[in-house]
Amino acid sequence: MHIQDGKISWTVADAVDYNGLPADRSKTGGWVPAALVLGIEVCERLSTMGIAVNLVTYLTGTLHLASATSANIVTDFMGTSFLLCLLGGFLADSFLGRYKTIAIFAAIQALGTGMLALVTKLSQLRPPPCLTNHSCVQANGFQMGILYIALYIIALGTGGLKSSVSGFGTDQFDEKDEREKAQMAYFFHRFFFFISLGTLLAVTVLVYLQDEVGRSWAYGICSVAMFVAILIFFCGTKRYRYKKSVGSPIVHIFQVIVAAIKKRNMNLPYNISSLYENTPEASRIQHTDQFHFLDKAAIIAEGDFENTGAAPNPWKLCSVTRVEEAKMMVRILPIWATTIIFWTTYAQMITFSVEQASTMERSIGSFQIPAGSLTVFFVAAILITLAIYDRLIMPLWKKWKGKPGFSNIQRIGIGLVLSTFGMAAAALAERKRLSVAKAVGGNTSTLPLTVFLLIPQFFLVGAGEAFIYTGQLDFFITQSPKGMKTMSTGLFLTTLSLGFFVSSFLVMVVKRVTGTDGGQGWLADNINYGRLDCFYGLLAILGVVNFVVFLVCALWYKPSNGNTKSGLQMENIGNGSLAEEKC
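All figures in this text were calculated on a predicted structure; none of them were measured in a lab. Residue numbers here run from 1 along each chain, matching the order of that chain's written sequence. Per-residue local features are limited, in this predicted model, to residues with pLDDT of at least 70; the limit for side-chain atom pairs, both in listing and counting, is 80 or more; totals at the level of whole chains, interfaces and linings are taken over all residues. Hydrogen atoms and water are omitted, and side-chain values are computed over all heavy atoms in the structure.

Structural notes on the overall build of the protein
Basically, it comes down to this: Secondary structure elements are taken from DSSP: a helix is a run of H or I of four residues or more, a strand is a run of E of two residues or more, and numbering for both begins at the N terminus. Burial classes: relative accessible area under 20% of the type maximum marks a residue as buried, over 50% as exposed, and values in between as partly exposed (1.4 Å probe, protein chains only). We get accessible surface area from the Shrake-Rupley algorithm with a probe of 1.4 Å; when it comes to residues, only the shown protein chains can shield them.
Check the secondary structure of the protein and you find 18 helices and eight strands. Expressed as a percentage of the 583 residues in the protein, the buried residues total 54%. Accessible surface, the protein as shown: approximately 25600 Å² in total, 64% of it carbon and sulfur.

As for the packing of aromatic side chains
In plain terms, the rule: The criterion for an aromatic pair is that two Phe, Tyr or Trp rings (for Trp, the six-membered ring) have centres within 6.5 Å, with stacked assigned to planes under 30 degrees apart, edge-to-face to planes over 60 apart and tilted to the rest.
Counted by the stated rule, this structure contains 28 aromatic pairs. Ring centres 6.0 Å apart and planes at 55° place the aromatic pair Y99 and Y240 in the tilted group. Here Y99 is found in helix α2 (residues 67–121), whereas its partner Y240 is found in the loop between α6 (215–235) and α7 (249–262), with 141 residues between them in sequence. Side by side, Y99 and Y240 carry an identical accessibility label, which is buried. With 5.4 Å between their ring centres and 65° between their planes, W343 and Y346 make a pair best called edge-to-face. Pair noted here: W343 and Y346 are both in helix α11 (residues 340–349), with a separation of three residues, about one helical turn. The buried category is assigned to W343, whose relative accessible area is 1%. You can call Y346 buried: its relative accessible area is 8%.

Thoughts on unusual backbone geometry
Backbone geometry places H64, a non-glycine residue, at a positive phi of 60°. Mapped onto the elements, H64 comes out in the loop between α1 (31–61) and α2. Notably, F291 is not glycine yet its phi reads approximately 55°, a positive angle. Classification of F291 as partly exposed rests on a relative accessible area of 29%.

Thoughts on the pattern of salt bridges
Stated formally: A carboxyl oxygen of Asp or Glu within 4 Å of a side-chain nitrogen of Lys or Arg is what we treat as a salt bridge.
Taken as a whole, this structure holds 11 salt bridges when the rule is applied. A salt bridge links E325 to R322, with the nearest nitrogen and oxygen atoms 3.4 Å apart. Of this pair, E325 and R322 both sit in helix α9 (residues 320–331), three residues apart, which is roughly one turn of the helix. Its relative accessible area of 15% is what places E325 among the buried residues. Overall, the relative accessible area of 25% leaves R322 in the partly exposed class. The partner of D533 in a salt bridge is R431, and the shortest N-O contact between them spans 3.5 Å. Of the two residues, D533 sits in helix α17 (residues 532–556) while R431 sits in helix α14 (residues 408–440), which places them 102 residues apart along the sequence. Take R431: its relative accessible area is 53%, and that puts it in the exposed class. Overlapping salt bridges bring together R98, D171 and K243 as one network.

Remarks on the packing of α7 against α9
The condition is simple: Angles run from 0 to 180 degrees between N-to-C directions of axes, and those axes are lines fitted to C-alpha atoms, restricted for helices to the stretch in contact. Should an angle lie under 35 degrees it is considered roughly parallel, over 145 roughly antiparallel, and from 65 to 115 roughly perpendicular; all remaining angles are considered oblique. Residue contacts are counted whenever heavy atoms from the two residues lie within 4.5 Å of one another. Any residue outside Ala, Val, Leu, Ile, Met, Phe, Trp, Tyr, Cys, Pro, Asp, Glu, Lys and Arg is labelled polar, Gly included; the first ten of those are nonpolar and the last four are charged.
Contact geometry for α7 and α9: axes closest at 9 Å, N-to-C directions at 105°. Our classification of the angle between α7 and α9 gives roughly perpendicular. Contact residues: α7 offers H252, I253, Q255 and V256, while α9 offers R322, V323, A326 and M329. Residues belonging to the contact of α7 with α9 are distributed by class as follows: five nonpolar, two polar and one charged.

A look at the environment of A540
Among the structural elements, A540 can be located in helix α17. Put simply, A540 and S419 are 121 residues apart on the chain and 8.1 Å apart in space, counted from C-alpha to C-alpha. Excluding residues that lie within four positions of it along the chain, A540 makes contacts with T420, M423 and A424.

Observations concerning α11
Burial of α11 is extensive: 10 of the 10 residues sit out of reach of the surface. The set of residues buried in α11 consists of I340, I341, F342, W343, T344, T345, Y346, A347, Q348 and M349.

Let's talk about the packing of α1 against α6
In plain terms, the rule: Crossing handedness is defined as follows: a turn of the near helix away from the far one that is anticlockwise and smaller than a right angle gives a left-handed crossing, while the clockwise case is right-handed.
The contact between α1 and α6 brings their axes to 8 Å, and the two run at 160°. The pairing of α1 with α6 is recorded here as roughly antiparallel in orientation. In this structure, the crossing between α1 and α6 has a hand that is left-handed. Contacts from L36, V37, G39, I40, C43, E44, L46, S47, I51, N54, T57 and Y58 in α1 reach R215, Y219, C222, A225, M226, A229, I230, I232, F233 and C235 in α6. For the contact of α1 with α6, the per-class residue count stands at 16 nonpolar, four polar and two charged.

What about the environment of S407?
Relative to the assigned elements, S407 resides in the loop between α13 (376–401) and α14. Along the primary structure S407 and D474 are separated by 67 residues, whereas in three dimensions their C-alpha atoms are 9.0 Å apart.

Regarding the state of the cysteines
Heads up, the rule is: We call a pair of cysteine sulfur atoms a disulfide whenever their separation is within 2.5 Å.
A full pass over the atoms with the stated rule returns one disulfide. Two residues share a disulfide in this structure: C130 and C136, whose sulfurs sit 1.9 Å from each other. Handedness of the C130-C136 disulfide follows from its S-S torsion of about 125°: it is right-handed.

Topic: the pairing of strand β8 (residues 447–450)
We count it as follows: Only strands that DSSP links by at least two bridges are regarded as paired with each other.
Residues L447 and L449 point to one face of β8 and are all buried, whereas P448 and T450, pointing to the other face, are not buried. With two bridges connecting them, strand β5 (residues 360–361) and β8 associate as parallel partners. Each residue of the ladder has a partner; that of M360, found in β8, is L447.

A look at a nonpolar patch on the surface
The condition is simple: Residues form patches when they are more than 30% accessible in relative terms and have no salt bridge. Like charges link within 9 Å. Nonpolar side chains (Val, Leu, Ile, Met, Phe, Trp, Tyr) link within 5 Å.
Taken together, the side chains of F254, I257, I261, F293 and W315 make up a nonpolar region of the molecular surface, amounting to roughly 450 Å² of accessible area. When residues in the nonpolar patch are grouped by element, the largest group, three residues, is from α7. Along the chain, F293 falls in helix α8 (residues 292–295).

Here we look at the side chain of N54
As for its placement among the helices and strands, N54 is situated in helix α1. Apart from residues lying up to four places away in sequence, N54 is in contact with V207, Q210, D211, R215 and G372.

What about α1?
This is how it is decided: Multiply 1.5 Å by the residue count of a helix minus one, and that product is the helix's expected span. What we call the bend at a residue is the angle made by axes fitted to the seven residues finishing there and the seven residues starting there.
Taking 1.5 Å per residue, 31 residues should reach 45 Å; α1 reaches 45 Å between its end C-alpha atoms and fits that length. Helix geometry: α1 is bent most strongly at N54, by close to 50°. α1 sits mainly inside the fold: 24 of its 31 residues count as buried.

A closer look at the confidence of the model for the protein
Basically, it comes down to this: Per-residue confidence from the predictor is reported as pLDDT, which spans 0 to 100.
Mean pLDDT over the protein works out to 82, with 89% of the residues at or above the 70 mark. Element-level pLDDT for the protein is lowest in helix α18 (residues 576–580), with a mean of 36, against a maximum mean of 94 in α17. Across residues 1–9, where pLDDT falls below 50, the model places nine contacts with residues more than four positions away in sequence or in other chains. Scored below 50 in pLDDT, residues 561–583 makes 73 contacts in the model with residues more than four places away or belonging to other chains.

Below is the structure:
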């Protein structure tokens, strides 16, 4: 509260307004400014998912690339998009703030999508149509180079946006105010709804426009929509609340590591209380016995304080709390590593599974279902799974076990199991498809086999995503330090990124190992002549092995709840606080 012109005005303690003054609660923040951010999220999901789920058909059908090459281009594009979230988060935390980060990267994505519309429009940027099945000319280096530039400009924009949009939306609410906390919960639910809406529009309307009207029109619409969303976003500039940048948590962790390495030859004191600590009592984290090497960063040594009475050099001396924060991040790494394989499985659903669909009968009456639109079963599976979990499983589990649903570790495990079954179902479906292709001839453009044979693999992996996505997000937020929740969400996004990159790596290895002089192995240029079922089977086996490793890591892991002396170190993740870290 402060007094201005003789009037009392309530302010938000940790936020400022457009002019850098303490944010007036009555004039800034709330639902209306937060809603202005949602338009950008819808457009981001629309363009990114619209490109991802149908790009493989453009690469194989128009640019005449091999199926394995096309799949890797898509997975590399998606992997880079998620990996760049770390860059966007670093810039937002350390330099730009969330508002400027959103504005800059939204403009970058709009430009990239506009460029992609131009690339798909100009005939000079694609090879001539095939005269026969054996006379196709692949896109040349120049044509592919221009396409790559457009795709990775979009990836850069996506990475910057994903790291800041949800956080900036929840910055408009004060968690310490009960009324605004309730509004934040409402924003959180709307945010999930708009993400689902954007994905649904992408895999239905946008994919249909790409196939029936033209890709350049579809991408052009996305670019224009993003520019409109940016203008709407700017309309709230004077009404937004802005949180000050507090530095990057990544830098804090590196400071602990560097300080510990510098003091690696020093002995830890017998009395742990002798270690350096300058964190306020209410926010301190109790010392733990794991990873003693990092404790050396808190040993007070000569030269740590460069000036008498000044704060220590953080690259030489770190507090016990800062060290414990680094330990907490180290503890979650094994769980983090074992979730990567799920997103490798997910990558097949928007690459090879779409290619499978493109060879099958997709007609319902006179309507032809676009191959990329089969991913709509992902959205359906997620919504159905979450509804069943919320309305049926949670009440039964609470009645039986006395707990409100599965723990985050259990949800991750269920997601891994479902994805493994999904790959097994995909292998069986592909074996059936290959038998039909062999019977009628591999060059047949449309096999006499319904595309709905692929529904089980889409539903199983989609249901797995519903469990693992919420489980991962819950796990990384609740088991990370309060000041590092943005970074922990970035770690979550890197599992998606690495999953796509692992997919590209596996495709490359399988292509090289199984290919022979007389054939193209499991991943042939034309999947009708390959053994995609064996590739799916390999992923199912890897899923089983990974699940066993996950169980070992889950048993080893020690939850971090209650590590603070005051019990305040972990934030309540219900409703609003979880929304702040949603990607």
